[in-house]
Amino acid sequence: MNNPIIRTEKLTKVYDSGYRTVALQQVDLQIPKGSLSCIMGPSGHGKSTLLHLIGGLDRPSSGKVFLDDVELTAVTADRLTEIRARKLGFVFQFFNLLPVLTALENVQVAMMLAGISKREQEERAAELLKLVGLEDKLRARPNQLSGGQRQRVAIARALANDPEILLMDEPSGNLDSRSEAELLEQIGKVNAQGKTVVIVTHSEKVAEMAQQIIYIRDGQLVLGKEIKEQLTMGERV
Amino acid sequence: MNYFKLTWKNITRRKSRFFFTLSAIAVGIASLVTLLSLGSGLETEIRKQADVLGANLVVTPRGWCAYEQISVLTGETLPEAIPNADVEKIAALEGLTAFPYLTQRTALKNQPVPLIGILPTAMKQFKNWQIDQGRYVLDKANVVVGSGIAKQFELASGDLLRVRGQEFSISGILQEVGNRDDLAIYMDFATAQKLYAVGDKVSFIAVKVDDITRIDHYILQIQEVANVEVSSDKQLLKSVLAIVGSVGSALKLVAAVAILAAFFGIVNTMMTAIYERRREIGILQAIGAKKRTIFSLFLCESACYGLLGGIVGVVVGFVFSWFAAPYIGQNEFTAFLGSEQSVQLFNAGITLKALVFSVLVSALAGVYPARQACKLSPVEAISYE
Ligand SMILES: Nc1ncnc2c1ncn2[C@@H]1O[C@H](COP(=O)(O)OP(=O)(O)O)[C@@H](O)[C@H]1O
Ligand SMILES: [Mg+2]
């Protein structure tokens, strides 16, 4: 349980489009296999940036990311894409689904990209949507679904290729409390299956479930005493 | 889910944009198909007509332009310009036979019909005409009629017809020969000259030579005895084809402009689509689409426009040339097209060429946008609300 599946070394990200923004500074981080971890912190302080870097969606300005001892920051773009397709599932903050496709098709696309046959795609996609409680919405388009339902489709899709790690960016950000509770239940189930889950969130409820909380301020990890001051929940590792 | 289904869902998501982009490429391809099908019909028809003449040399008055030379092949009315004296001098030369033509026009039931003055016996032998009905008599009171005209105007041997106020009897109907010779009234040469008051002039002279290898020698000889222009049938064919070619170039320009416009239409559509879908591209990349996949996906979309637009264009093009052919046929330049059968309703070669071209052009139009698409970074595409 305690050997890390994700590890970062002095992870730094500087955006330089017009003016310089240091979004992440010297972040050293370990996420144990099978854990449920939360990334918390104020808006604009680098939470999404961190999630993107450990998910191999972006390259750091300096520092390293290891995933199962593979140095993500050293592999080619194509290899990185393969790793994303097989090992990682994403649920993004704002926009997740392709609007022209039905819920079922959205889940299928992820499997199509991994080269899975059409028959298997259909079966498995239906199964996953059932798992997230959307068995009656298979043919619905994203614009016919509520925000919570869309997030659940996104979770189903993230699980499509049976990834080891699920990365979520404020999945409950704009959900009512009932939807949020449902979402938490899903997340709990997924984590119980042994998958490593990393969630960026502001939600105390999510933080309650977490075994580890990573608190970020101004692109830096906040440790020890400071954490206790700033978190009402405290760290529970 | 497969890549084609995804492509299809993507290109049809904006119905009106899909329709307009498709129309643009369809118009371009339709004009190309029209050009190709009319053009190829035109050329075969010209070659056929050149054969109909059956002569090795054509003697025309000096100073005729290529426009009038075309008319030699099409059987249009021509100014009469070579005096009989020259005809006789040329005919008297060793090793060749001369057939003077006086091409005029008369009317049957208010429709123009070519009337050609010929030397009856010589011409019959030269053309190897057979009689279908009646007898082959051409003189002051008798004419013969080609089978096509006879059929069209329901004429039979023994019928009377009026030419310039004078009555003629149809002595016979020629057997069908399957070319333009079927579409004329033939009159004795001298009678026609008198009737049309052209003095002792002829329009042009077809010449058949005994020894085809000495053609240059005959040309010189003819030009020694008469002040005329002499061209071989090959030269004539060449100059006529050159003119048709220049008409063709103009059409080609139209097709090229249409296709160029369609090309930029597709570039524009694809750029817009990529801008609108940059987030979706980010999502696709995040869930495992390689740059190569994104590139092919968009290239496929634009090629798809080419395939669909091409199919529509081919159909429209053939339909259009089918309907346009008779009208174009009334133009002197393209009078060869008089008969519709020279334009094919469907031609597999042209279809294939047009479709391949259409797909290639569209795919090419998609290259730059598709490259832009796969350069997008997944993060930038999904980061903002
Ligand atoms: N693509 C980008 N270009 C420039 N600056 C960016 C970009 N993405 C994020 N930033 C900046 O980096 C900082 C951290 O952003 P982010 O990781 O999205 O914060 P959070 O997710 O914690 O709200 C912010 O100041 C943001 O403006
Ligand atoms: Mg964020």
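Note that the coordinates shown come from a computational prediction; the quantities given were computed from them, not determined experimentally.

A. Expanded view of the overall build of chain A. Scanning chain A from N- to C-terminus turns up eight helices and ten strands. Compactness check: chain A gives a C-alpha radius of gyration of 18 Å against a globular reference of 18 Å for 237 residues, within 12% of the reference. For the C-alpha atoms alone, the extent of chain A along its principal axes is close to 50 × 40 × 40 Å. Long-range pairs, those at least 24 residues apart, make up 69% of the contacts in chain A between residues at least 6 apart in sequence. Looking at chain A as shown, the accessible area adds up to about 10,600 Å², and 46% of this sits on carbon and sulfur atoms.

B. Focus on the pairing of strand E7 (residues 160–163) of chain B. Residues and elements named next belong to chain B. Going residue by residue along E7, you find Leu161 and Val163 tucked away on one face and Leu160 and Arg162 left uncovered on the opposite face. As paired strands, E7 and strand E8 (residues 166–174) are joined by four bridges and run antiparallel to one another. Bridge pairing in E8 links Leu160 to Ser169. Between the end of E7 and the start of E8, which pair antiparallel, lie two residues, with Arg164 showing a positive phi angle near 50°.

C. The coordination of the magnesium ion (ligand 2), seen in detail. All names here are of chain A. The protein atoms donating to the magnesium ion (ligand 2) are Ser48 (OG) and Gln93 (OE1), with metal-donor distances spanning 2.0 to 2.8 Å. Of this pair, Ser48 sits in helix H1 (residues 47–54) while Gln93 sits in the loop between strand E6 (88–91) and helix H3 (103–113), and the two are 45 residues apart along the sequence. Since its relative accessible area comes to 17%, Gln93 is described here as buried.

D. Fine view of the sheet that holds E6(A). Residues and elements named next belong to chain A. Across the sheet, six strands lie side by side as E6-E7-E8-E3-E9-E10; this open sheet has mixed pairing. If you trace the sheet from one side to the other, it starts and ends with E6 and strand E10 (220–221), each paired once. Sheet analysis places strand E3 (residues 36–40) next to strand E8 (residues 196–200), joined by four bridges and oriented parallel. For Ser37, the partnering residue across the bridge sits in E8 and is Val198.

E. Structural view of the packing of H3(A) against helix H1 (residues 3–11) of chain B. Their axes nearest at 11 Å, the elements H3(A) and H1(B) cross at an angle of 135°. Taken together, the axis directions place H3(A) and H1(B) in an arrangement best described as oblique. Of the two elements, H3(A) crosses H1(B), and the hand of that crossing is left-handed. Packed against H3(A), whose contacting residues are A:Glu105, A:Met112 and A:Leu113, the element H1(B) presents B:Tyr3, B:Lys5, B:Leu6 and B:Lys9 at the interface.

F. H3(A), seen in detail. All names here are of chain A. Counting buried positions along H3 gives eleven out of eleven residues, so the element sits mostly inside the fold. For H3, the full list of buried residues reads Ala103, Leu104, Glu105, Asn106, Val107, Gln108, Val109, Ala110, Met111, Met112 and Leu113. One or two residues past the end of H3 sits Gly115, with phi positive at roughly 80°.

G. Spotlight on the interface of chain A and chain B. The partner chain B presents 27 residues to the 27 residues of chain A that form the contact. In this assembly, chain A packs against chain B so that about 2,700 Å² is buried in total across both faces, 67% of it on carbon and sulfur atoms. Together, A:Phe94, A:Met112 and A:Leu113 form the three largest contributors to the area buried by chain A at its contact with chain B, with a combined 23%. The interface formed by chain A and chain B contains four salt bridges. Across the pair A:Glu82 and B:Lys290 runs a salt bridge whose closest N-O atoms are separated by 2.8 Å.

H. Local environment of the confidence of the model for chain A. Residues at a pLDDT of 70 or more form 93% of chain A, whose mean pLDDT is 88. A low-confidence stretch, residues 232–237 of chain A stays under pLDDT 50, and its non-local contacts, those more than four residues away or across chains, total 13 contacts.

I. Molecular detail of the pattern of salt bridges. All names here are of chain A. Evaluated as defined, the whole model comprises 21 salt bridges over all chains. Across the pair Arg7 and Glu9 runs a salt bridge, and its minimum N-O distance is 3.1 Å. By relative accessible area, which is 30% here, Glu9 ends up partly exposed. Residues Arg79 and Glu82 are paired through a salt bridge, measuring 3.3 Å at the closest nitrogen-oxygen approach.

The rules behind the values
Residues numbered from 1 in each chain as written. Chains lettered and ligands numbered in written order. Predicted model: local features only at pLDDT ≥ 70, side-chain atom pairs only at ≥ 80, totals over all residues. Heavy atoms only, no water. Helix = DSSP H or I, 4+ residues; strand = E, 2+ residues; numbered from the N terminus. Rg over C-alpha atoms; globule rule 2.2 N^0.38 Å. Contact = heavy atoms within 4.5 Å. Areas by Shrake-Rupley, 256 points an atom, 1.4 Å probe, with all protein chains shown as cover. Buried < 20%, exposed > 50% of the residue type's maximum accessible area, 1.4 Å probe, protein only. Pairing = 2+ DSSP bridges. Donors = N, O, S within 2.8 Å, 3.2 Å for Na, K, Ca; no water. Axes fitted to C-alpha atoms, helices over the stretch in contact; angles between N-to-C directions. Parallel < 35°, antiparallel > 145°, perpendicular 65-115°, else oblique. Left-handed = near helix turned anticlockwise from the far one by under 90°. Buried area = accessible area lost by both parts, 1.4 Å probe. Salt bridge = Lys/Arg side-chain N within 4 Å of Asp/Glu carboxyl O. pLDDT = per-residue confidence, 0-100.

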